[in-house]
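Descriptive structure summary
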Amino acid sequence: ATVLEDGKQQVTINTIGHNPKDITVDVTEEEVTIKSTKGEDTSRFVKDIDLTLTVGTDYDGTKTTAKFDNGLLTLLIDKKTNRKAKSLKISY
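The present account deals with the structure reproduced in this document. A quick note: this is a predicted structure, and the numbers were derived from the prediction, not measured. Per chain, the residues get numbers from 1 upward, laid out in the order the sequence is written. Given that the model is predicted, a residue must reach a pLDDT of at least 70 before its local features are reported, and side-chain atom pairs must reach 80 or more before they are shown or counted; all residues, however, enter totals for whole chains, interfaces and linings. As a rule here, side-chain values come from all non-hydrogen atoms in the structure, and water together with hydrogens is ignored.

The next point concerns the overall build of the chain. By the criteria applied, helices consist of DSSP H or I runs no shorter than four residues and strands consist of E runs no shorter than two, each listed in order from the N terminus. Each helix and strand in the chain was counted, giving 0 helices and 7 strands. Secondary structure elements of the chain, listed N to C terminal, follow the sequence β-β-β-β-β-β-β. Expected size for 92 residues packed as a compact globule is a radius of gyration near 12 Å; at 18 Å, the chain overshoots this value by more than 25%. Pairs at least 24 apart in sequence give 46% of the contacts found in the chain among residues at least 6 apart. Throughout, the Shrake-Rupley method with a 1.4 Å probe supplies accessible areas, and for residues the shown protein chains are the sole cover considered. Only carbon and sulfur atoms are counted for the fraction: they give 49% of the accessible area of the chain, which is about 7200 Å². For the chain, the centre of its 14 positive side-chain charges and the centre of its 15 negative side-chain charges are spaced 6 Å apart. Just to be clear, the radius of gyration here is over C-alpha atoms, and the globule rule we use is 2.2 Å times residues to the power 0.38. Working rule for contacts: check all heavy atoms of both residues, and any pair within 4.5 Å makes them a contact. Only four residue types enter the charge count, namely Lys and Arg as positive and Asp and Glu as negative; His and the chain termini do not. Positions of charges follow a simple convention, taking NZ of Lys, CZ of Arg, CG of Asp or CD of Glu.

With that out of the way, let us pick up the sheet that holds strand E2 (residues 9-14). For two strands to be treated as a pair, DSSP must find no fewer than two bridges joining them. If you trace the 4 strands from one edge of the open sheet to the other, you get E1-E2-E7-E6, paired in antiparallel fashion. In this open sheet, the two strands that pair with only one neighbour each are strand E1 (2-3) and strand E6 (59-69). As defined by bridge partners, E6 adjoins strand E7 (residues 72-79) across 7 bridges and the pair is classed as antiparallel. Counted as the bridge partner of Asp 69 is Leu 72 from E7.

The next subject is the side chain of Thr 33. In this fold, Thr 33 is placed in strand E4 (residues 31-36). Beyond its immediate stretch of four places on either side in the chain, Thr 33 contacts Thr 24, Val 25, Asp 26, Leu 51 and Thr 52.

We now examine the environment of Leu 72. If you trace the backbone, Leu 72 turns up in strand E7. A relative accessible area of 34% means that Leu 72 is categorised as partly exposed. A C-alpha to C-alpha distance of 5.7 Å links Leu 72 and Ile 13, two positions 59 residues apart in sequence. With sequence-adjacent residues up to four places away left out, Leu 72 is seen in contact with Thr 12, Ile 13, Asn 14, Thr 15 and Lys 67. Throughout this description, buried means an accessible area under 20% of the type-specific maximum (1.4 Å probe, protein chains only), exposed means over 50%, and partly exposed covers the range between.

Time to look at the nonpolar core. Only buried residues count toward a nonpolar core, which is a set of Ala, Val, Leu, Ile, Met, Phe, Trp, Tyr and Cys residues joined through side-chain atoms within 4.5 Å. One finds Val 11, Ile 13, Ile 23, Val 32, Ile 34, Ile 49, Val 55, Tyr 59, Leu 73, Leu 75 and Ile 77 forming the largest nonpolar core, which totals 11 residues. Sorting elements by how many residues they give to this core places E7 first, with 3 residues. For Tyr 59, the residues in contact, after removing those within four places along its chain, are Val 3, Gly 7, Lys 8, Gln 9, Glu 29, Ile 77, Asp 78, Lys 79 and Lys 80.

The strand order across the open sheet formed by 3 strands is E3-E4-E5, and the pairing between neighbours is antiparallel. Strand pairing shows two members of the sheet lacking a second neighbour, strand E3 (24-27) and strand E5 (49-54), which therefore form its edges. Adjacent strand axes in the sheet meet at a mean angle of 15°, parallel and antiparallel pairs treated alike. Pairing geometry for E4 and E5, over 6 bridges, is antiparallel. Note on E5: the bridge partner recorded for Lys 35 is Asp 50. Note on definitions: angles span 0 to 180 degrees between N-to-C directions of axes, and those axes are lines fitted to C-alpha atoms, for helices only across the stretch in contact.

Written out as structure tokens, the structure is:
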């Protein structure tokens, strides 16, 4: 993974030979899972994809965007949002 200037992690996966419609990307806060089964008429050099990436403690897998372009799947994983503390009003 490469960390970009805006702090997002960028992960590029070679998905040449796979149809973007057949690729599933499932996300939790901790992990991003990429799966794809190659088509029947695909080259024997193309393998099924079954990858699970652990995003790390500073990142949130549910804040991932995925883009397919020229056989490459690019994922951008954003940092966790640190929720600011807020003051509560006391009723009396």
